[in-house]
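Single-letter residue listing:
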There are 2 protein chains.
Amino acid sequence: KTMDHIGDLFSLDKLDAIVLSVSINSFGKVVSSLPWERVKMPSKTVVVDVLSVKIHAKTTLLELLPPDFGILCTHPMFGPESGKNGWAGLPFMFDRVRVTDRRNCEKFVKIFSDERCSMYEMSCELHDSYAASSQFITHTTGRLLSKLGLQSTPINTKGFESLLKLIETTCKDSFDLYEGLYKHNVHSKEQLTHLRKAFDELEATLIKTAEKKKKKEEEQGKSDKKAAVPAVHGSQVDVNPRVASMKPSATIQIHSLATALKDEGKKVFSLAVGEPNDTPCPK
Amino acid sequence: KTMDHIGDLFSLDKLDAIVLSVSINSFGKVVSSLPWERVKMPSKTVVVDVLSVKIHAKTTLLELLPPDFGILCTHPMFGPESGKNGWAGLPFMFDRVRVTDRRNCEKFVKIFSDERCSMYEMSCELHDSYAASSQFITHTTGRLLSKLGLQSTPINTKGFESLLKLIETTCKDSFDLYEGLYKHNVHSKEQLTHLRKAFDELEATLIKTAEKKKKKEEEQGKSDKKAAVPAVHGSQVDVNPRVASMKPSATIQIHSLATALKDEGKKVFSLAVGEPNDTPCPK
């Protein structure tokens, strides 16, 4: 029934533009299933896509569209959230892949320049190389941090608040979009590999520097006992990463929480760790 | 000479507060080397620290200070950047660890409440558990992304711009501070382990979903050739992570860049990959 409706629309006398607003992952399937043959004057019609990956859009349209349609690949780099107060200054990328009717093509581009978007004409290839290092990394960071179950604390820094906002906005988008950014941009895999390498390096640096300082402090401690930083429970001990990944005992966790709340001055009756109320046995 | 100067200051008749504003990693050493014995009325003086880790500050001061000094552990959660337009609304955490002169202690706290900071009285223990999941994660994200050498692109999204700003502000702080947050907060190691786990999971999900969809598309391709998404060079191929981490040939990279710039309509004379200008040999 939807296809009948689309068929009727495609058969209208005049069609300036057909905008394909579908997910990255369904793009090929949708393009190949539309009734292009029913459009009366294909060369007067520009077919526009708005995908977040552009080489994939360009090659799909070039392969699956009848050859007389115009093709305009675009990426409006904003959504309902970032564009809610108007589109002025927000980036709009476009690539005139195949111009069959100049007037119609420019008419479409003008919609966004009239809204005072920042207009960027660039190749689909250049777009994808930029987007992998910006948009894909942004979404990856948001998805990554969302997995930590971070909560707003009473002592949020400005930087932490910007991260909480990032998690919220990136996770509003579907996982399907994120997965499409990964799968259909040739550069995304490379960026993910860079990120893994950065993580490994950072972790190694932290562990190494911490061990070096610890050794130095121990040596100082021998020659000047007072200069040694006192050992805080756990914090000075570098354990094997496997041990560090072990979950603490639930009993101890509840006990620590109770102690922290008591420190806050709250009245706590903790039944977690038994501390006998009885006086010692006289014998 | 500095120690002489500090000794003179410590010998003044009246000392309401001594604020220790030093790095996390040097804190123990500094506290143990100061001439505390020269202060005339220790119980009238409150010793204040401003470290970003608080259990370490508290235990160090309790262990190394003469017992008659007051101790106030504080964490002003802002710096020259976030506090440049005033401190109103910015979080100030404090813990009255040892009160020997109530008036002096409150006088110090009042400086920040008068500036309309958001005042948070909480235990050092609770602070460190909050800070590991907020401040340490924020710094880790900034440090991690800074290693990718991300550049501003013409097509920045709002989210990407907030990440670029995060990198800038976190990397303005010394690596020594970041290293201190890791080493002297018992919860940091655990947070780093969570982050690694999240990364592993996200990567596995991406690779798995991409493989599943690829298989599905291949099957569809067999039954309905037109429905198959065309293979974009490289983008559909799932390679071994070791292969994916290989650096592309510099020659090919320069050639791709030249091609992209040509696509932009720029005039490029590329000498990277030889394409002979001669007409073919007549024989």
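Just so we're clear, the structure is a prediction, and the values are computed from it rather than from any experiment.

Rules used throughout
Residues numbered from 1 in each chain as written. Chains lettered and ligands numbered in written order. Predicted model: local features only at pLDDT ≥ 70, side-chain atom pairs only at ≥ 80, totals over all residues. Heavy atoms only, no water. Helix = DSSP H or I, 4+ residues; strand = E, 2+ residues; numbered from the N terminus. Buried < 20%, exposed > 50% of the residue type's maximum accessible area, 1.4 Å probe, protein only. Areas by Shrake-Rupley, 256 points an atom, 1.4 Å probe, with all protein chains shown as cover. Least-squares fit on C-alpha atoms with pLDDT ≥ 70 in both. Contact = heavy atoms within 4.5 Å. Core = buried A, V, L, I, M, F, W, Y, C linked by side-chain atoms within 4.5 Å. Axes fitted to C-alpha atoms, helices over the stretch in contact; angles between N-to-C directions. Parallel < 35°, antiparallel > 145°, perpendicular 65-115°, else oblique. Left-handed = near helix turned anticlockwise from the far one by under 90°. Nonpolar A, V, L, I, M, F, W, Y, C, P; charged D, E, K, R; others polar. Pairing = 2+ DSSP bridges. Phe/Tyr/Trp six-rings, centres within 6.5 Å; stacked < 30°, edge-to-face > 60°. Right-handed = clockwise from strand over helix to strand, strands pointing away. Salt bridge = Lys/Arg side-chain N within 4 Å of Asp/Glu carboxyl O. Polar contact = N/O pair within 3.5 Å; in protein donor to acceptor, adjacent residues only side chain to side chain. Patch = residues over 30% accessible without salt bridge, like charges linked within 9 Å, V, L, I, M, F, W, Y side chains within 5 Å. Lys, Arg positive; Asp, Glu negative; His and termini not counted. Charge placed at Lys NZ, Arg CZ, Asp CG, Glu CD. Buried area = accessible area lost by both parts, 1.4 Å probe. Domains from an automatic or database assignment.

**As for the overall build of chain A**
- Within chain A, the regular secondary structure consists of 10 helices and five strands.
- Buried residues in chain A amount to 42% of all 283 residues.
- Taken as a whole, chain A presents about 15500 Å² of accessible surface, with 55% of it coming from carbon and sulfur.

**Things to note about the relation of the copies chain A and chain B**
- Rotating chain A by 180° about the axis while translating it 0.1 Å along that axis superimposes it on chain B, leaving an RMSD of 0.3 Å. Classification of the inter-copy transformation places it as that of a two-fold axis. Judged by C-alpha distance, A:Ser162 is the residue of chain A that lies nearest the rotation axis, at 3.5 Å.
- Both copies present the same face, since 100% of the interface residues in chain A are matched by interface residues at the equivalent positions in chain B.

**Quick notes on the nonpolar core**
- In terms of nonpolar packing, the biggest core is built from 85 residues, with A:Leu20, A:Trp36, A:Leu61, B:Leu20, B:Trp36 and B:Leu61 touching the most fellow members.
- Once residues within four sequence positions are removed from consideration, B:Leu61 is found in contact with B:Leu20, B:Phe27, B:Val31, B:Val47, B:Asp49, B:Ile71 and B:Cys73.

**A closer look at the packing of helix α5 (residues 124-146) of chain A against helix α7 (residues 175-183) of chain A**
Residues and elements named next belong to chain A.
- One can describe the packing of α5 onto α7 by two numbers: an axis separation of 10 Å at closest approach and a directional angle of 135°. Relative to α7, the element α5 is oriented oblique. The chirality of how α5 crosses α7 is left-handed. Contacts between α5 and α7 involve Gln-135, Phe-136, His-139, Thr-140 and Arg-143 from the first element and Phe-175, Leu-177, Tyr-178, Leu-181 and Tyr-182 from the second.
- Grouping the amino acids of the contact of α5 with α7 by side-chain chemistry returns six nonpolar, three polar and one charged.

**A closer look at the sheet that holds strand β2 (residues 46-49) of chain A**
All names here are of chain A.
- One open sheet holds the five strands; their spatial order is β1-β2-β3-β4-β5, and the pairing between them is mixed. In this open sheet, the two edge strands, each paired with only one partner strand, are β1 (17-20) and β5 (118-121). The mean angle between the axes of side-by-side strands here comes to 25°, regardless of whether they run parallel or antiparallel.
- In the packing of helix α3 (residues 55-64) onto the sheet, the strands contacted are β1, β2, β3 (70-76) and β4 (91-98), and the crossing angle to β3 comes to about 160°.

**Describing the packing of aromatic side chains**
Residues and elements named next belong to chain A.
- Enumeration according to the criterion identifies 21 aromatic pairs over all chains in this entry.
- Aromatic pair Trp-87 and Phe-112: ring centres 5.5 Å apart, planes at 10°, arrangement stacked. In this pair, Trp-87 sits in the loop between β3 and β4 while Phe-112 sits in helix α4 (residues 102-114), placing the two residues 25 residues apart along the sequence.
- On the basis of relative accessible area, Trp-87 is assigned to the partly exposed category, the value being 31%.
- Phe-112 sits in the buried class, given a relative accessible area of 9%.

**Section: the pairing of β2(A)**
Residue and element names in this part refer to chain A.
- Here β2 shows a buried face lined by Val-46 and Val-48 and a second buried face lined by Val-47 and Asp-49.
- Relative to β2, β1 is paired through four bridges, and the arrangement is parallel. Residue Leu-20 lies in a different strand from β2, and its bridge partner there is Asp-49.
- At this point the chain moves from β1, through helix α2 (residues 27-33), to the parallel β2, and the crossover so formed is right-handed.
- Looking at chain direction, β2 and β3 are connected through four bridges and run parallel. By the bridge assignment for β3, Val-46 is matched with Gly-70.
- Running through α3, the crossover from β2 to the neighbouring parallel element β3 is right-handed.

**What to know about the packing of helix α6 (residues 158-172) of chain A against helix α6 (residues 158-172) of chain B**
- At their nearest, the axes of α6(A) and α6(B) sit 10 Å apart, and the two run at 155° to each other. Here α6(A) is positioned roughly antiparallel relative to α6(B), judged by the angle of their axes. Our pair here, α6(A) against α6(B), has a crossing hand that is left-handed. Packed against α6(A), whose contacting residues are A:Gly159, A:Ser162, A:Leu163 and A:Leu166, the element α6(B) presents B:Gly159, B:Ser162, B:Leu163 and B:Leu166 at the interface.

**Section: the pattern of salt bridges**
- Under the counting rule described, the total for this entry stands at 32 salt bridges over all chains.
- A salt bridge links B:Lys58 to B:Glu125, with the nearest nitrogen and oxygen atoms 3.2 Å apart. Here B:Lys58 is found in helix α3 (residues 55-64), whereas its partner B:Glu125 is found in helix α5 (residues 124-146), with 67 residues between them in sequence.
- In this structure, a network of salt bridges that share partners links the residues A:Arg96, A:Arg102, A:Glu106 and A:Glu121.

**Looking at the environment of B:Trp36**
Residue and element names in this part refer to chain B.
- Here Trp-36 shows up in the loop between α2 (27-33) and β2 (46-49).
- If sequence neighbours within four positions are ignored, Trp-36 has contacts with Phe-10, Ile-18, Leu-20, Val-31, Val-47, Leu-65, Pro-66 and Phe-69.
- From its side chain, Trp-36 meets the backbone oxygen of Val-31 in a polar contact 2.7 Å long.

**As for the sheet that holds β2(B)**
Residues and elements named next belong to chain B.
- Across the sheet, five strands lie side by side as β1-β2-β3-β4-β5; this open sheet has mixed pairing. Each edge of the open sheet is held by one strand with a lone partner, namely β1 (17-20) and β5 (118-121). Pairwise comparison of adjacent strand axes, ignoring direction, gives a mean angle of 25° for this sheet.
- In terms of strand pairing, strand β3 (residues 70-76) meets strand β4 (residues 91-98) through six bridges, oriented antiparallel. Along β4, the bridge assignment pairs Cys-73 with Asp-95.

**Overview of a positive patch on the surface**
- A contiguous patch of positive charge, built from A:Lys29, B:Lys208, B:Lys212 and B:Lys216, is present on the exposed surface.
- By residue number, the principal contributor to the positive patch is helix α8 (residues 188-223) of chain B, which donates three residues.
- In this fold, B:Lys212 is placed in helix α8.

**Structural notes on the interface of chain A and chain B**
- Contact with chain A, which involves 94 residues of that partner, is made by 94 residues of chain B.
- Interface area, chain A with chain B, both sides summed: about 8600 Å², of which 69% is carbon and sulfur.
- Between the two partners, chain A and chain B, sit six salt bridges.
- For B:Asp200, the salt bridge identified is with A:Arg196, shortest N-O distance 2.7 Å.
- Taken together, chain A and chain B are joined by six residue pairs in polar contact (both at pLDDT 80 or more).
- Looking at the side of chain A that touches chain B residue by residue, the class counts come to 42 nonpolar, 31 polar and 21 charged.

**Describing the domain arrangement of chain A**
Residue and element names in this part refer to chain A.
- Under the domain assignment, chain A is made up of domain 1 (1-122) and domain 2 (123-211).
- Here the C-alpha centroids of domain 1 and domain 2 sit 29 Å apart.
- At the junction of the two partners, domain 1 supplies 17 residues and domain 2 supplies 19 residues.
- Where domain 1 abuts domain 2, roughly 1500 Å² becomes buried across the two surfaces, and 62% of that area is made up of carbon and sulfur atoms.
- Among the residues domain 1 hides against domain 2, the three largest losses belong to Asn-25, Ile-55 and Met-122. Together they make up 38% of the total.
- Seen at the junction of domain 1 and domain 2, the total is two salt bridges.
- Scanning the region where domain 1 abuts domain 2 turns up eight residue pairs in polar contact (both at pLDDT 80 or more).
- Elements that contribute at least two residues to the side of domain 1 that touches domain 2 include exactly α3, β3 and β4.

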